[in-house]
Amino acid sequence: MRLFTVDAFTSAAFQGNPAAVCLLDSPVTDEWMRSVAAEMNLSETAFLHGDSLRWFTPAVEVTLCGHATLATAHVLYSTGEATGQLEFRTASGTLTVNRLPDGLISMDFPAKEVTPTAVPDGLEKALGATPVRVGKSALDLLVELDSAETVRDLAPDIAALAAVDARGVIVTARGTETDFVSRFFAPNVGVPEDPVTGSAHCALSPYWSARLGRASLVGAQLSKRGGIVRVTHAGNRVTLAGNAVTVLSGTLHV
């Protein structure tokens with residue numbers, strides 16, 4: 001099996017979010033994919049067989065992943081296996097991907113609307129910051145803080161965040177150099193902090209579009225590696241766009 005490591009949502013190596021991409025020659029078992037994902041020990045490993053795409057963290061399979069989808073499309077485009085529009089069959093429906101003239105790769109994803117919710121018990125203490133607004137999408141809890149600086153400097157209690165009943169916790173604020181900023185913590189699925197999270201932007205896009213009054217926005221994820229996600233909200237869909245860089249390619253021998 002061919003195996004790649006790709007840094008997604010960045011144009012420079014060793015930044016953005018690294019994902020492993022495994023191009024399957026034949027069907028494999030779920031147990032095998034879980035084992036490979038644990039071996040790679042990245043936030044996500046993508047497995048592509050035909051047009052079927054699945055994603056695994058080191059701990060569990062997930063139903064939606066932006067950066068590993070971007071990484072998979074980048075591998076297909078950069079190796080010459082694809083030139084035009086791609087369609088991936090996934091647990092979240094068919095995801096359409098295109099390579100734009102400026103080199104960006106755009107992905108059509110389902111929007112995850114955010115509805116206001118009460119502040120969960122213990123959340124403020126776990127974050128070490130006071131929420132301005134709290135909402136919940138179909139996947140995650142979204143917490144708006146008072147400034148980009150507060151988001152950047154956040155040092156949450158990751159174990160305490162695991163008590164939140166959600167896939168993960170998106171922490172966000174209005175940006176200064178970009179429209180908004182964010183960080184993403186998902187200890188419940190084996191990812192203490194994700195460097196750049198495409199699927200979280202499926203909620204951030206409609207949330208900030210409503211707040212800022214514009215459909216097309218630019219978000220910066222303020223993890224140590226950092227990354228940029230360009231988003232456009234259109235009804236029940238969100239377009240996510242970004243760059244990617246191949247760091248490693250090789251052969252899996254098991």
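Above: the structure in question.
Being a predicted model, the structure only gives us computed values, none of them experimental.

Draft legend 1. Molecular detail of the pairing of strand β13 (residues 180-186). Counting buried positions along β13 gives seven out of seven residues, so the element sits mostly inside the fold. The two faces of β13 match: F180, S182, F184 and A186 on one face and V181, R183 and F185 on the other face are all buried. Where strand β12 (residues 169-174) and β13 come together, six bridges link them in antiparallel fashion. Each residue of the ladder has a partner; that of V169, found in β13, is F185. Count of turn residues in the β12/β13 antiparallel hairpin: five residues. As defined by bridge partners, β13 adjoins strand β15 (residues 216-221) across three bridges and the pair is classed as parallel. Residue pairing in the sheet places F180 in a bridge with G219 of β15.

Draft legend 2. Inspection of the pattern of salt bridges at higher detail. The full count for this structure, using the stated rule, is 11 salt bridges. R54 is paired through a salt bridge with D30; the nearest N and O atoms lie 3.0 Å apart. Of this pair, R54 sits in strand β4 (residues 52-56) while D30 sits in helix α1 (residues 30-40), and the two are 24 residues apart along the sequence. Residue classification places D30 among the partly exposed residues on the basis of a relative accessible area of 32%. With a shortest N-O distance of 3.1 Å, D108 and R237 are connected by a salt bridge.

Draft legend 3. Spotlight on empty space enclosed by the protein. Under the criterion given, the structure shown has one cavity of 30 Å³ or more. Estimates place the volume of the largest cavity at around 120 Å³. In terms of lining residues, the largest cavity is bounded by 16 residues, among which E44, R167, F184, D194 and T197 are the most central. Each residue belonging to the lining of the largest cavity can be placed in one class, and the counts come to seven nonpolar, six polar and three charged.

Reading the values: the criteria
Residues numbered from 1 in each chain as written. Predicted model: local features only at pLDDT ≥ 70, side-chain atom pairs only at ≥ 80, totals over all residues. Heavy atoms only, no water. Buried < 20%, exposed > 50% of the residue type's maximum accessible area, 1.4 Å probe, protein only. Helix = DSSP H or I, 4+ residues; strand = E, 2+ residues; numbered from the N terminus. Pairing = 2+ DSSP bridges. Salt bridge = Lys/Arg side-chain N within 4 Å of Asp/Glu carboxyl O. 1 Å grid on protein atoms, 1.4 Å probe; cavity = no way out; pocket = protein on both sides within 12 Å on 5 of 7 lines; lining within 4 Å. Points joined across faces, edges and corners; volume = space filled by probe spheres on them. Nonpolar A, V, L, I, M, F, W, Y, C, P; charged D, E, K, R; others polar.

Treat this as a map of the structure, not an account of what it does.
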